[in-house]
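One letter stands for each residue in the lines below.
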Amino acid sequence: MEKEDVYQFENEGTEEEIPDPEQEAEKRMQEQLCDYDALSLDSDSRIPGDDNPEMTREEDAEAVDPTGAKGLSYSEKMQLQKRKRKLKELELLLQEKDLKVQNIREELKEFRRRMETLEKQKEKVEEDIQEQETAGNNVALFRLRAQHRRLCEELRGEEDLQSKIALTLQENERELFKVELEHAKLMRLHEERKKDEEDHEAQRLLEAKQRLEAKEAAVVQAGRRKKATKKKPMKDLDEQELERRKAAEDTKKYNQKSVQYLKKSMARVRQEQAEKEQQLREDLEKRMKIILSLKKNIRINRENLRIVQVRNNARAAAEKQKMKLGESVRVLESEIATRHMFRQRLLREFEKKKQAFTEQQKTFKAEIMAKILREEFNMEKKKRVNPELFLDTRKIQDNISETWKPRKKLLQYLERCAEHKICTGTNEEDWRFPSPISDEEAIRKQTQDHVTQDVSDHEEEESLDQPEFSGLWDYKSEPCKDETTTKHLAVGTSKMEQEIFARQLEKQKSGIVQKQVAAGREFKGCPFYSKPDIIHFQNFDVGKTYKKKVMLINASYGITFCRLIDVTDNLKDFIEVEFKPPGQISAGMSCDMTVIFKPMVDEDVEGEVMLRAHIGSFTVPLKCTTKKCDLFVDREVVDFGAHIVGETITQVITLTNRGALGTYFEFLQVLSKPQSFNQGTETITVFGGISEEQELPEYSSDLFDTEQEFCTEIKVGQVTMDVIGPFTSVKLPIIFVPTIPGKVQTHIEIIFSDPASENIPIKVQAEAIDVPVWISNPNIDLKICMYDRLYQDSIRAHNRSTTAIQLKCEVCKELKDHLELLPKTGYVQAHSSLNFQLKFLPRQSLPKDAEIFFNEKTGILEAPMHIWASNQTRLLTFTVHAIVTSSDLEIKPQTIDFGPCSIYESVWTTIRVTNKSILCQEFGFIGIPEYVDVQPNDGFGVLMPLETQSIDVMVNVQHAKEYAFELICKTEINRNFKISCTAIGVFPPLKLSHSVVHFAATALHDIATVTLYVVNSHTNQNEFTHPVPRIGTGEIAPVGPTSFEFVIPEYSDLTIVPAVGTVKPGQRCKVHLMFKPMLADLLVQEKAVQMLSCVEETRKILEKQELEPILTTKLDALAKNKTHPKPKDVMDQSVKESKRASITLEPLNPADITPDSDHYNAALTSLLRNYKEQFRSFVIPCFVAHGRTTDHKETGYLPYSIHNTLYLEVNCPTIAPPLVLISGNKRNMVDCGEIAIGQRVLKRVLVQNISQNQLDLKSSILDPGGPFELLNSLRSLQPGATNTLIFSFTPTKSKLFYEPMEIHTAYANLSLILTGCGVYPLVTCSVQKVLDMGYVLANQSRTVTFQLQNSTTLQVMFNVKLDSLSYRKHQDQQVLPPFLASGEIAGSLVGTQNYGGQSVFSVSPIIGAIEPMQTQEFEVTFKPDHESLHYSDGVQVELFDKVAHTIQLKGAAREHLMFVEGGDPMDVPVESLSILPNYEKTDTTEVPRALKSVLLTLKSTQSDNKCTTALRELQVGCIQSTYAAGKKSVEFTIDSPAAVHLKGFSIDPLKASIEAGTTKPIAVSWTPPSGHDPHQVISATVKMSIKGDITENYQIVLTGMVVSS
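Residues numbered from 1 in each chain as written. Predicted model: local features only at pLDDT ≥ 70, side-chain atom pairs only at ≥ 80, totals over all residues. Heavy atoms only, no water.

Participant: Just to check I follow, could you spell out the overall build of the chain for this structure?
Facilitator: On a plain count of helices and strands, the chain comes out with 16 helices and 77 strands. Every one of the 1605 residues in the chain was classed for burial, and the buried ones make up 32%. Within the chain, contacts between residues separated by at least 24 positions form 72% of all contacts whose residues are at least 6 apart in sequence. Accessible area for the chain stands at about 103,000 Å²; split by element, carbon and sulfur atoms hold 52% of it. (Helix = DSSP H or I, 4+ residues; strand = E, 2+ residues; numbered from the N terminus. Buried < 20%, exposed > 50% of the residue type's maximum accessible area, 1.4 Å probe, protein only. Contact = heavy atoms within 4.5 Å. Areas by Shrake-Rupley, 256 points an atom, 1.4 Å probe, with all protein chains shown as cover.)

As structure tokens, this is what we get:
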């Protein structure tokens, strides 16, 4: 299934269906077999020479002769050719089949690997399913089962594809076997034929040997005949010898007479030679000076070029700025002129449009009236057919008649609308397709806005002009909505029904198109994307059917659906869309749509397919184009160049048709002087957005020239009219036959029969040269020549006479080995010329051979040459000039050993190439292996004379092996210079995902981060399946965990995390590389010392200036004094004062400047403001070692090889920060200090823009739940401006808060570190929850203290509040008391209070501060005014306006000294409001008091039929009074305890005395007696009397019960 989906995806949008791969393979195989049979039959029937009928059999035999079958018959030769051709075809077919079989096998292997992977995944999923079943995780179980089903389906699909591919492989192997058999048969026949050819060749050699022997015998006979003929000429030679002797005697006599004249002429010749030599020496010196000056000028010119280039760059930058300013000025200046020209243009166009409107107005009137009449007729017809639907027709007709009366107004209104539409309408070019997301309502809104603008002006002129049909042409209403409502509403519906229907319709439409919101973002855009974007049917034929498949992809945020709406009206007759709504489609999924095109008209059609989703409508553009011609030529200007009169030259141009439609063309020559139209184009741009081009043709005077003729020297070839088919090209020849010297120019035009194709003009130009009649080149300057290189030039000799003349060239013997003239002898015809070819090949022996003409130091050659002409005494002389130099290149070194080279790195070295020549030499390194790179310019360059260049040779090996290769440096003259190179390839066990990292320009104190990976891909040591890590051909690296370590260079501002790690086989490790440029502390400290020194020097200068007037006044005073002191004393005093003023401090040590000091911060700010851009590049080595870092337990390092080291190149550009923190430090730390939890502190920070650009500040988002908050907004900063940032710090926890914040700008970020310490106010209280004041006599007081200890380093503010004094006291006491609200706790701690209104409790102090690590003591005073056991109040200790401690104050008051406590409660803790204080004086005499009860419940626990003893205690106490009088002790006595002893109760002690201020416990125990029923409760009563200031009797009720454990 997956494979079929891939095929479908790759071929979507095509016009044909996708063929089955198996059927396609069978079809291709049958076609190849048919082609092979056809070729074999064709080779048997084909006869060479059929293409050329004039070719004879003898010529055929000669053509076949190179095959070595000259002795064979014609039929045998042809049969041999057929076999060879057939053998080649079989070899090609065999290679093709073999390649196909290999590809199918590779594909089958890939499928098997894929199936193995799927099997592994399936097994893993099954294991996960078992685990999740045991764990009971249903959600994961459903997901894993779905994944298991998908894997099973993929496996079945893969198995089907594998079986198909296996069948295809078997068929291809069978066909390959057949081809191999056929090939073997032909090879056997070929070998037999080859053996026959060898035998025939041996026979032919034997016959040749025999013919050679016959020729040698004939030569011997010819020599004998020649010797016989030599005897006769001997006599003739003797006679000639006698004549020669006579002539010699005559010559001696003549010489004796001419000796005297010869001496004079020789002296004159010697003098001339000396003068010539002197002249030559002077010329050589001049040339040497010229060469030296040339070298100097070259050097100067290079420097000047650099200066000029810099100057030009500066000027270009200045000109750009001027142009920008000038453009704005020109635009402002041209506004008035442009506006005036545009108005004139509009006036002219308005007149034209007005005339056109008058013509169209009549047609508009007729159409509108016809439409009105047609509608009236239809309405009347409806009324006649259905009269019951028109009950209120009379009222409607009356209303309509009022609006339909003014028909003239309707016509006038329509006329004005049409006129206004024509005048203000846009051009056809301004229309555009609606956007893909535009729906019908958006289109209606655009049309409505456009129409309302047209009608607004007319409504202002006359508001009475209303159309007769109020709902038909009402521009303010939405026509689409009105049409839909009128279709569904009857004529007699009321206005309310219409409104209800409109609301329902709007609700339905709003339900169709809904907004899609995902993750808080609303989807805006096209809901579906189509692939292809445009449905384009090209080059269609009428009557055929075309199909295209389109894929619609859901591009929204969620699930949506899609349905087809319609196609545009102009496509409904030709286009049919097959689209089945797929239902809901998830995001990213797709559905298919088929578009069928049946063209009926041969025209271009454009439109779109409209579809709709629930989040909006969209369209797919559709275009259908017919067949067209697309014609062009390869060149439009043909230049023949210069040619001699009488020659014939032909050039060809190519006419190409890239379209699918053919056409006729005609290749014609037009007038030599064509009409020239100089079209001036003027562009007018108006601020309204309208631009027009005015074409102003200017006709030249040649337009009226009647004497124009065709050029006869340039003409077209044989092809003047022909047909060019679709997708073909035609070659058109142009012939030039020069007849008259001069330049010739003409124009040729290609005319086409296709009306849509424009004519193509071609310009042709040439030049004819006449033959001169003089010697044109008496000085042959060969410029600079190189040794062992051939240089040629021509010497043209012209004949002015009417007869032919013989010419003979001679070369001096010194230059015979170096220079040659061809031909040596020739004849120049009358009024013609003869060219002599000069060949100059300087050898290395030139300085020795031609010392007279050649200067070895300068390399200058000047050789005079002569041409002898018959019947002339004067020679034709010319001089050959040349500068000969060497062509050698010196390369150092000649051998390069790169050593071990990693396959992930490039190893380079530098060689120096020196040019030994005085000529520039182009060189290049050719035949470079793939793993070698030569730079710069890829090893190609130009060496200036005697220049030395450095060239980098880089090796990037690809495999782990030993490399040995040669680099060949080839010059432009084809000379080779070799360099021997060796290297060892290293395959490291690890590799980096990136070898080079380029950081963006990073400001100081900013951070840039890059992520890369360390990959361990070594999982198998099998070197035959894949490359394995090794060094050269050494041992293979072991498979296992491999460790790495990055070593960062010092002071590089780089950080790598992690720097050390271990990577397992087949895994990778993520590494973060961070670059944070910082200024070095030493640099900042040195700057601080420098600034301090400057300040100190300034201070000294000021002090010196202050001391100078003091010295001058002293000297003046001494001068006025009568007793003049010695000058020496005055000088000594002045010297001491000057020394005192010039005392210098010792130089400061930079290490003494601490980073937290103000001097350090001032120096840091100064360096930041004056920082210049800097670029640094670092190479970080990554050492690789086998094993884990934790496995190496010994001290030292893991064993590693330096050759496996990886290198990471990091480029780090640094710039000055555009934004600096003025009140900051080195780390830009904003410290808010220590703050108590819940408190808030404000911190102000000042930032400044130190760049030259305006900065828009944006900040990173602080933690919303964190303690830091930025209170003010950021604004744009002008250069040099400052901004204050206000931060608030409100800690919520007791810890150190550290939060980074970045202020973003367009160029860099400013990193701030917000710090603050939240301190929990750790204040401990000496009292835990309840402070019991004990018993106090009424109207007396007791004071108790407790402490609050501050254990923090902060000053803690406290505030102590009593609940009884709170304004919420009465509100808190409105709840039920605890004894009524069972199971609930009272919300208020306030209990019984004094009757006098004053608080029974008081605390001092109530407000203050506790210093760090100090203790604060509080005094609590309890002063009741009546007897009660339930005095209570609450104390709340607030620290920093928050309640930190809540203490309940309790106390009891008695009117007498004794008290008893410890029993079960028998009353409520709330006093009744009916109890009033008794202020009457009581009698001091003893009065019998009521008996008081105390209840004690004892519970015995029963376990294993045994009961335990229950224990309770009662406390009897004596209150310490503040008064001195009265009794100070209390005695108690328990009467008749024997009664309770019988029931198991025991009391101890029965009697005791209690001192004031103490208590005495009474222990009461109960042991169930034997035979006691555990379900029964035992009760007993005992009396107790207490004597103090009075006597009180108590009744103690003892209750015993047994409870189970």
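That was the structure; now back to the text.
Participant: How should the environment of Pro599 be read in this particular structure?
Facilitator: Relative to the helices and strands, Pro599 is located in the loop between strand 8 (590-597) and strand 9 (605-613). Between the C-alpha atom of Pro599 and that of Asp573, which follows or precedes it by 26 residues, the distance is 8.6 Å.

Participant: Just checking my understanding: could you explain the sheet that holds strand 67 (residues 1442-1454) for this structure?
Facilitator: Two strands in a sheet stick together by hydrogen bonds in their backbones, pointing the same way (parallel) or opposite ways (antiparallel). A sheet is described by the order of its strands in space; here 5 strands give the open sequence 60-67-66-62-64, paired in mixed fashion. Edge positions in the sheet fall to strand 60 (1330-1337) and strand 64 (1407-1410), since each has one partner strand and no second. In this sheet, adjacent strand axes meet at a mean angle of 25° when their direction is disregarded. Of the strand pairs in this sheet, strand 66 (residues 1428-1439) and strand 67 are connected by 10 bridges, and their pairing is antiparallel. Bridge assignment links Ser1428 to a residue of strand 67, and that residue is Ala1453. (Pairing = 2+ DSSP bridges. Axes fitted to C-alpha atoms, helices over the stretch in contact; angles between N-to-C directions.)

Participant: Looking at this model, I keep getting lost on helix 4 (residues 74-135). Mind explaining?
Facilitator: What sets the pattern is the α-helix's 3.6 residues per turn: residues three or four places apart point alike. Look at helix 4: 91 Å from first C-alpha to last across 62 residues, which is about the 92 Å you get at 1.5 Å a residue. Backbone geometry just downstream of helix 4 places Gly136 in the positive-phi region, at approximately 75°. (Expected span 1.5 Å × (residues − 1).)

Participant: What is the right way to read a negative patch on the surface from this model?
Facilitator: Taken together, the side chains of Glu116, Glu119, Glu123, Glu126, Glu127, Glu131, Glu159 and Asp160 define an acidic patch exposed on the protein surface. At the level of elements, helix 4 and helix 5 (138-385) are the ones that each hand at least two residues to the negative patch. At 6 residues, helix 4 tops the list of elements feeding residues into the negative patch. Among the structural elements, Glu126 can be located in helix 4. (Patch = residues over 30% accessible without salt bridge, like charges linked within 9 Å, V, L, I, M, F, W, Y side chains within 5 Å. Salt bridge = Lys/Arg side-chain N within 4 Å of Asp/Glu carboxyl O. Lys, Arg positive; Asp, Glu negative; His and termini not counted. Charge placed at Lys NZ, Arg CZ, Asp CG, Glu CD.)

Participant: Hey, could you run me through the confidence of the model for the chain in this one?
Facilitator: Low pLDDT means the predicted coordinates in that region are not meant to be read closely. On average, the chain scores 77 in pLDDT, and the residues at 70 or more come to 78%. Per-residue pLDDT stays below 50 along residues 391-410; that stretch engages in 19 contacts with residues further than four places along the chain or on separate chains. Every residue in residues 672-708 is under pLDDT 50, and counting partners more than four places away or in other chains gives 49 contacts. (pLDDT = per-residue confidence, 0-100.)

Participant: Please explain the nonpolar core as it appears in this structure.
Facilitator: A general feature of soluble globular proteins is that nonpolar side chains tend to end up buried together. Among the nonpolar cores identified, the biggest contains 36 residues, and Ile1562, Met1584 and Ile1586 are the most heavily contacted of them. Among the elements that line this core, the one with the most residues is strand 76 (residues 1578-1587), at 5 residues. Residues contacting Ile1586, with those up to four places away along its chain left out, are Met1458, Val1460, Val1516, Val1530, Glu1531, Phe1532, Thr1591, Glu1592 and Tyr1594. (Core = buried A, V, L, I, M, F, W, Y, C linked by side-chain atoms within 4.5 Å.)

Participant: So what exactly am I meant to see when it comes to the pattern of salt bridges here?
Facilitator: Should their charged atoms come close, side chains of opposite charge can pair. The tally for this structure, following the rule as stated, stands at 29 salt bridges. One salt bridge in this structure joins Lys916 and Glu890, with 2.9 Å as the shortest N-O distance. One end of the pair, Lys916, is in the loop between strand 33 (907-915) and strand 34 (921-926); the other, Glu890, is in strand 31 (residues 889-892), with 26 residues separating them in the sequence. By relative accessible area, Glu890 is classed as partly exposed at 25%. A salt bridge links Glu1592 to Lys1492; the nearest nitrogen and oxygen atoms lie 3.6 Å apart. One end of the pair, Glu1592, is in strand 77 (residues 1591-1604); the other, Lys1492, is in strand 69 (residues 1492-1503), with 100 residues separating them in the sequence. You can call Glu1592 buried: its relative accessible area is 4%. For Lys1492, a relative accessible area of 33% gives the class partly exposed. Connected via shared salt-bridge partners are Glu1427, Arg1454, Lys1492 and Glu1592.

Participant: Explain the side chain of Asn1283 to me, please; I cannot follow it from the model alone.
Facilitator: Its location among the elements puts Asn1283 in strand 56 (residues 1282-1289). Residues contacting Asn1283, with those up to four places away along its chain left out, are Val1245, Leu1246, Val1247, Leu1257, Ser1273, Leu1274, Arg1275 and Leu1277.

Participant: Can you walk me through the environment of Gly1396 in this structure?
Facilitator: Inspection of the secondary structure puts Gly1396 in the loop between helix 15 (1369-1372) and strand 63 (1401-1404). With relative accessibility at 59%, the residue Gly1396 sits in the exposed group.

Participant: Just to check I follow, could you spell out the sheet that holds strand 33 for this structure?
Facilitator: The 4 strands lie next to each other as 31-33-37-35, forming an open sheet whose pairing is antiparallel. Of all the strands in the sheet, just strand 31 and strand 35 (932-935) have a single pairing partner and so form its edges. Each adjacent strand pair in this sheet contributes to an overall mean axis angle of 25°, direction not counted.

Participant: Would you mind going over helix 14 (residues 1158-1169) with me for this structure?
Facilitator: With 12 residues, helix 14 extends 17 Å between its outermost C-alpha atoms, agreeing within 8% with the 16 Å of an ideal straight helix rising 1.5 Å per residue. Residues of helix 14 that are buried include every one of Tyr1160, Asn1161, Ala1163, Leu1164, Ser1166, Leu1167 and Leu1168, and no others.

Participant: Would you mind going over the environment of Glu1173 with me for this structure?
Facilitator: Summarising the element assignment, Glu1173 is placed in the loop between helix 14 and strand 49 (1174-1186). With relative accessibility at 69%, the residue Glu1173 sits in the exposed group. Those residues in contact with Glu1173, other than ones at most four positions away along the chain, are Thr1214 and Ile1215.

Participant: For this particular structure, what's the right way to read the side chain of Ser1052?
Facilitator: Residue position: Ser1052 is located in the loop between strand 45 (1042-1046) and strand 46 (1054-1057). When its relative accessible area of 1% is taken as the criterion, Ser1052 is described as buried. Non-local contacts of Ser1052, meaning those with residues more than four positions away in its chain, are made with Phe1075, Arg1176 and Phe1178.

Participant: Explanation requested: unusual backbone geometry in the structure shown.
Facilitator: Glycine aside, residues mostly have negative phi angles, and peptide bonds mostly take the trans form. In this model, Gln935 is joined to Pro936 through a cis peptide bond whose omega is 10°. Locating Pro936 in the fold gives a position in the loop between strand 35 and strand 36 (940-943). Between Asp1548 and Pro1549 the backbone carries a cis peptide bond, its omega angle lying at 0°. With respect to the helices and strands, the residue Pro1549 is situated in the loop between strand 73 (1545-1548) and strand 74 (1551-1555). The backbone of Asp938 sits at a positive phi, close to 60°, despite the residue not being glycine. In this fold, Asp938 is placed in the loop between strand 35 and strand 36.

Participant: Quick question: what am I supposed to make of a positive patch on the surface here?
Facilitator: Judged by side-chain charge, Arg224, Lys226, Lys227 and Lys230 come together as a positively charged surface patch. Structurally, Lys227 is set in helix 5.

Participant: I'm lost on the packing of aromatic side chains in this one. Help?
Facilitator: To describe a pair of aromatic rings, one takes the distance between the centres and the angle between the planes. Overall, the coordinates contain 21 aromatic pairs when judged by the stated rule. Ring geometry for Phe1422 against Tyr1431: centres 5.5 Å apart, planes inclined by 70°, an arrangement best described as edge-to-face. In terms of burial, Phe1422 and Tyr1431 fall into one category: buried. Ring pairs connect the aromatic residues Phe537, Phe540, Tyr546 and Phe597, which therefore count as one cluster. Lys548 extends its terminal NZ or CZ atom over the ring of Phe537, reaching a point 5.9 Å from the ring centre. If you follow Arg1068 out to its NZ or CZ, it ends over the ring of Tyr1013, 3.8 Å from the centre. (Phe/Tyr/Trp six-rings, centres within 6.5 Å; stacked < 30°, edge-to-face > 60°. Lys NZ or Arg CZ within 6 Å of the ring centre and 35° of its normal.)

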